[in-house]
Amino acid sequence: MLFSRTFSALIFLLACGWAAAGAYEDMVDAVKRDYTQTISALLKRGFDANATDQEGSTLLMLAAKEGSAGAVKQLLAVRVQVNSRNQLGETALMLAALQGHLEIVRQLVIQGAEVNQPGWTPLMYAAVNGHVNISRLLIAYGADVNSVAENGFTALIMAAHEGHAAFVALLLAHGADVNRETATGLTALAAARAKNNKEIVELLLRAGAR
């Protein structure tokens, strides 16, 4: 009898686990596809809007990365943790900035997403792909153009390294330190010269790079 009860309890717990796993998969699929009706239905059934995957990425991070604006709006409406970080230290705002999703960036900063933080910042992530409009928005919300990552990179060095002249010009116009060095001694000017980017080299020289 005891074995029968224990076995029944085990089956029940396994079934609950499978159901939870299935619901999570359904939610992830809905977020990726921006299926707002499915997201709404799962949230009404009590799905944890702050659930994370094995890397610590939240649904909001996934929505921000995928450009699922409707999903972002729904998740923010239920007051998810907007500044959660995954195991890489990334936030939803950083991922939206990296991918160039301007309106999602706008939604996130309005809802209190941090534009400044220790280490890599949303502005640095925007610099990777040269998203100038996003950088303007982040700066308007107080992003520090001279924030420094653990390895010494700044948004300016990143933009110069990746060859984004318009991004470099914007940062310089907002007081970026033109002679900052990374931990290995790399400057924005050295990065631009290494890529033979004459336009950026000229911008930096005019700004006092040495």
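Here's a quick rundown of the structure. Not measured: the values here are computed from a predicted model. (Residues numbered from 1 in each chain as written. Predicted model: local features only at pLDDT ≥ 70, side-chain atom pairs only at ≥ 80, totals over all residues. Heavy atoms only, no water.)

Phi at Arg 79 takes a positive value of approximately 60°, unusual for a residue other than glycine. By the element assignment, Arg 79 lies in the loop between helix H4 (69-77) and helix H5 (92-99). A positive phi angle, near 55°, is found at Asn 196, a position not held by glycine. Inspection of the secondary structure assignment puts Asn 196 in the loop between helix H11 (188-194) and helix H12 (198-206). (Helix = DSSP H or I, 4+ residues; strand = E, 2+ residues; numbered from the N terminus.)

Among soluble globular proteins, nonpolar side chains are generally buried collectively. Membership of the largest hydrophobic core comes to 70 residues, with the highest contact counts inside it found for Leu 60, Leu 108, Leu 123, Leu 138, Val 168, Leu 171 and Leu 204. When residues no more than four places from it in sequence are discounted, the contact partners of Leu 60 are Val 72, Leu 75, Leu 76, Val 80, Gln 81, Val 82, Ala 92 and Leu 108. (Core = buried A, V, L, I, M, F, W, Y, C linked by side-chain atoms within 4.5 Å. Buried < 20%, exposed > 50% of the residue type's maximum accessible area, 1.4 Å probe, protein only. Contact = heavy atoms within 4.5 Å.)

Applying the stated criterion across every chain, the model contains four salt bridges. Of the charged contacts in the structure, one is a salt bridge between Glu 202 and Arg 206, with a shortest N-O distance of 3.5 Å. With a gap of four residues between them, Glu 202 and Arg 206 both fall in helix H12, about one helical turn apart. (Salt bridge = Lys/Arg side-chain N within 4 Å of Asp/Glu carboxyl O.)

H4 packs onto helix H2 (residues 36-44) with a crossing angle of 25° between their chain directions and a minimal axis gap of 9 Å. It follows from the interaxial angle that H2 and H4 lie roughly parallel. The handedness of the crossing between H2 and H4 is right-handed. From H2, Thr 36, Ile 39 and Ser 40 reach across to H4, where they touch Gly 70, Ala 71 and Gln 74. Along the lines of polarity and charge, the residues of the contact of H2 with H4 split into two nonpolar, four polar and no charged. (Axes fitted to C-alpha atoms, helices over the stretch in contact; angles between N-to-C directions. Parallel < 35°, antiparallel > 145°, perpendicular 65-115°, else oblique. Left-handed = near helix turned anticlockwise from the far one by under 90°. Nonpolar A, V, L, I, M, F, W, Y, C, P; charged D, E, K, R; others polar.)

This part covers the packing of aromatic side chains. Describing an aromatic ring pair means giving the distance of the ring centres and the angle of the ring planes. Within the structure shown, the criterion is met by two aromatic pairs. Look at Tyr 24 and Phe 47: their rings are 6.4 Å apart centre to centre, the planes differ by 20°, and that puts the pair in the stacked class. On the criterion of sequence distance, the pair formed by Tyr 24 in helix H1 (residues 2-33) and Phe 47 in the loop between H2 and helix H3 (59-66) is long-range, its members being 23 residues apart. (Phe/Tyr/Trp six-rings, centres within 6.5 Å; stacked < 30°, edge-to-face > 60°.)

What follows concerns helix H9 (residues 155-162). Counting buried positions over the eight residues of H9 gives six, a clear majority of the element. Within the span of H9, buried status applies to Ala 155, Leu 156, Ile 157, Met 158, Ala 159 and Ala 160. Residues of H9 that are buried in the fold lie against helix H7 (122-129), helix H10 (165-173), H11 and H12.

A relative accessible area of 60% places Arg 206 in the exposed class. Distance in space between the C-alpha atoms of Arg 206 and Ala 190 is 15 Å, their sequence separation being 16 residues.

Right, let's talk about H3 for a bit. Buried residues dominate H3, accounting for six of its eight residues. Of the positions making up H3, those classed as buried are Leu 59, Leu 60, Met 61, Leu 62, Ala 63 and Ala 64. A positive phi of about 80° marks Gly 67, the residue just after H3.

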